[in-house]
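Here's the letter readout for the chains.
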Amino acid sequence: VPNFVVQFGISGDPVKNKKYGSPLRDDPVVASNLEGTIAYAMAGPNSRSSQVFINLADNSRLDKSGFTPFGTVVEGMNVVRELKNPTPGDSAGVSQEKYEHEGNSYIKTDFNGKINRIIGQTISVSSSSVHPNILKDTCGKAMNVEAPPKFTLIFDSNYGRMTAECLRSRAPRWVDRVYDLAVNGYYTRNFVFRVIDRDDLGVAQFGTNGDPEVSKVYDFKSEHGKCAIIKPQPNEMEVGQPMLSNKAGTLSMSTGFNETTKTTWNATAELFINTKDNSRLDPLLFVPICTIETGMEVVKKFPSFGEVKELGGDGPSIDQLYEQGNSYIEGNDAWSKMAVFSSVTVEDEEDGALANTLRARSAVFAALLSVGALAGMGSGVWGLRKWMK
């Protein structure tokens, strides 16, 4: 509606409309419906579901009616202003009821080529902001949020960008943890402290936080993180299936394996990128939770500084990384070119066939998956922290 609002939020899939049709309780109006703000549409008290609108003018008169702004357009208002109604006047416009029940077929039949459409949506959560208090409370609600079924992790490093598609179904508990860690900034400024390229092993390992007060919580030998060690994945998982094998270009979580119970026992935050076919790890329940979509050529550029000290090498010490954080790496000029992730962004992408009166899902900031680190792998013998016992 010119000089009033642009409204959307009805999915092109009627099934999704049913799923997200349950009303939400009202929130208090703490911001005003000014130009460029985004607010929930509603038909009365406690009737919000998924429809939202962008204010095209000062609509502060809506405040007293309970329309609650929850965001502001920071870029692209010129695009918003280009969105047009398919026909003048409300009576000749889209029927919300028909759109909800018939989806895109209704739009294509009655308004083909006459209505603006959102062809895709991306919800990005940058974890460049670190939230140490949340990260240290491993039993807290914010560190126990369920990850979306599928999402993309974007890693920007001093050697370039890589992206990884992550699937919760592969190892739900682990993916939930990595997701929560990434959203709250755990993987920001993580150094890739162990890069190994041997005939029998190819990995790039990371996952110790730069703040030792945070990192020590996720040291499985520490008593600081009450809920830091993740419950074992079930031993009946279909490990060895094509999508659950440690092939080159996959991202897996570091953990120990109990030969008696046939379960994992000490996974916390470290992950590793398989740079070679490491399928021999499959029986030990190293589940590849993500697949590198783009940027393996970037990973191949990560320099190696030798084996870690705990395995008899001249490289960094994992114990010291947990104890001292990033200052341990940054204090050694010999490691000045070590790969480091400057930011980690999580994207949850879904098709959205949204129009002027669409109705979108309620925006849920989902995100994660980045990477952590691999623990040590000796030549034919598991060693170092995660496999020492």
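Residues numbered from 1 in each chain as written. Predicted model: local features only at pLDDT ≥ 70, side-chain atom pairs only at ≥ 80, totals over all residues. Heavy atoms only, no water.

This part covers the overall build of the protein chain. Along its length, the protein chain carries 11 helices and 16 strands. Here the protein chain has roughly 18200 Å² of accessible surface; of this, 51% comes from carbon and sulfur atoms. (Helix = DSSP H or I, 4+ residues; strand = E, 2+ residues; numbered from the N terminus. Areas by Shrake-Rupley, 256 points an atom, 1.4 Å probe, with all protein chains shown as cover.)

So, on to the environment of Ile115. Tracing the backbone shows Ile115 in the loop between α4 (104-110) and β5 (121-126). For the pair Ile115 and Leu83, spaced 32 residues apart in the sequence, the C-alpha separation amounts to 8.4 Å.

Pairing geometry for strand β7 (residues 160-167) and strand β14 (residues 288-294), over 4 bridges, is antiparallel. Pairing of Cys166 across the sheet is with Cys290, part of β14. With 3 bridges joining them, strand β10 (residues 250-253) and β14 adopt antiparallel strand pairing. Residue pairing for β14: Thr250 is matched across the bridge by Thr291. (Pairing = 2+ DSSP bridges.)

Mean pLDDT over the protein chain: 82, with 82% of residues reaching 70 or higher. Counting interchain partners and residues more than four positions distant, the pLDDT-below-50 stretch residues 350-389 has 217 contacts. (pLDDT = per-residue confidence, 0-100. Contact = heavy atoms within 4.5 Å.)

A word on the pattern of salt bridges. Overall, the coordinates contain 15 salt bridges when judged by the stated rule. The salt bridge partner of Glu307 is Arg194, with a shortest N-O separation of 2.5 Å. Taken together, the residues Glu307 in the loop between α8 (296-299) and α9 (318-324) and Arg194 in strand β8 (residues 194-197) connect sequence positions 113 residues apart. Pair check on accessibility: Glu307 and Arg194 agree, each one buried. (Salt bridge = Lys/Arg side-chain N within 4 Å of Asp/Glu carboxyl O. Buried < 20%, exposed > 50% of the residue type's maximum accessible area, 1.4 Å probe, protein only.)

This part covers unusual backbone geometry. The phi dihedral of Asn46 falls on the positive side, at around 55°, and the residue is not glycine. Here Asn46 is to be found in the loop between β2 (37-40) and β3 (52-55). Given a relative accessible area of 42%, Asn46 falls into the partly exposed group. Positive phi, close to 65°, is recorded for Leu285, a residue that is not glycine.

Another point: the packing of aromatic side chains. Per the counting criterion, the structure on display carries 14 aromatic pairs. Seen in terms of ring centroids, Tyr106 and Phe111 are 5.8 Å apart; in terms of plane orientation they differ by 85°. Their pairing is edge-to-face. Ring centres of Tyr186 and Tyr218 lie 5.1 Å apart, and the angle between their planes is 70°; this geometry places the pair in the edge-to-face category. Of this pair, Tyr186 sits in the loop between α6 (172-183) and β8 while Tyr218 sits in the loop between α7 (212-215) and β10, and the two are 32 residues apart along the sequence. One aromatic cluster in this structure is built from Phe155, Tyr159, Phe206, Phe302 and Phe341. The ring of Tyr40 has Arg48 sitting right over it, with the charged end atom 4.7 Å from the ring centre. (Phe/Tyr/Trp six-rings, centres within 6.5 Å; stacked < 30°, edge-to-face > 60°. Lys NZ or Arg CZ within 6 Å of the ring centre and 35° of its normal.)

Further remarks concern the state of the cysteines. Tallying each qualifying case throughout the model produces 2 disulfides. If the cysteines joined by disulfides in the protein chain are listed in sequence order, their pairing comes out as 1-3, 2-4. (Disulfide = S-S within 2.5 Å.)

Locating Glu82 in the fold gives a position in helix α2 (residues 77-82). Glu82 sits in the exposed class, given a relative accessible area of 57%. Spatially, the C-alpha atom of Glu82 lies 9.3 Å from that of Asn116, the residues being 34 residues apart in sequence.

A few words now on the side chain of Ser215. Among the secondary structure elements, Ser215 is positioned in helix α7. Classification of Ser215 by relative accessible area gives buried; the value is 0%. For Ser215, the side chain forms a polar contact with the main-chain nitrogen of Asn209, separated by 3.1 Å. The residues contacting Ser215, other than those within four sequence positions of it, are Tyr186, Thr208, Asn209, Leu321 and Tyr322. (Polar contact = N/O pair within 3.5 Å; in protein donor to acceptor, adjacent residues only side chain to side chain.)

Time to look at the nonpolar core. Membership of the largest hydrophobic core comes to 46 residues, with the highest contact counts inside it found for Tyr187, Tyr218, Ile273 and Phe302. Tallying contributions element by element places α6 first for this core, with 6 residues. If you look at the next biggest cluster of nonpolar residues, it comprises 11 residues, including Phe191, Val308, Tyr322 and Tyr328. (Core = buried A, V, L, I, M, F, W, Y, C linked by side-chain atoms within 4.5 Å.)

All right, on to the pairing of β10 then. Here β10 shows two buried faces, one formed by Thr250 and Ser252 and the other by Leu251 and Met253. Note that β10 and strand β13 (residues 271-274) share 4 bridges and pair antiparallel. Bridge pairing in β13 links Ser252 to Phe272.

What follows is about the environment of Phe53. Mapped onto the elements of the fold, Phe53 is located in strand β3. A sequence separation of 16 residues divides Phe53 from Thr37, and the C-alpha atoms of the two residues are 8.4 Å apart. Residues in contact with Phe53, not counting those within four places in the same chain, are Val5, Val6, Gln7, Asn33, Thr37, Ile38, Ala39, Tyr40, Ala41, Leu62 and Phe67.

Here α6 contains 12 residues, and its C-alpha end-to-end distance of 16 Å stays within 8% of the 16 Å for a straight helix at 1.5 Å per residue. Most of α6 sits inside the fold, with 9 of its 12 residues counted as buried. Taken residue by residue, α6 has Trp174, Val175, Asp176, Arg177, Val178, Tyr179, Asp180, Leu181 and Ala182 as its buried positions. (Expected span 1.5 Å × (residues − 1).)

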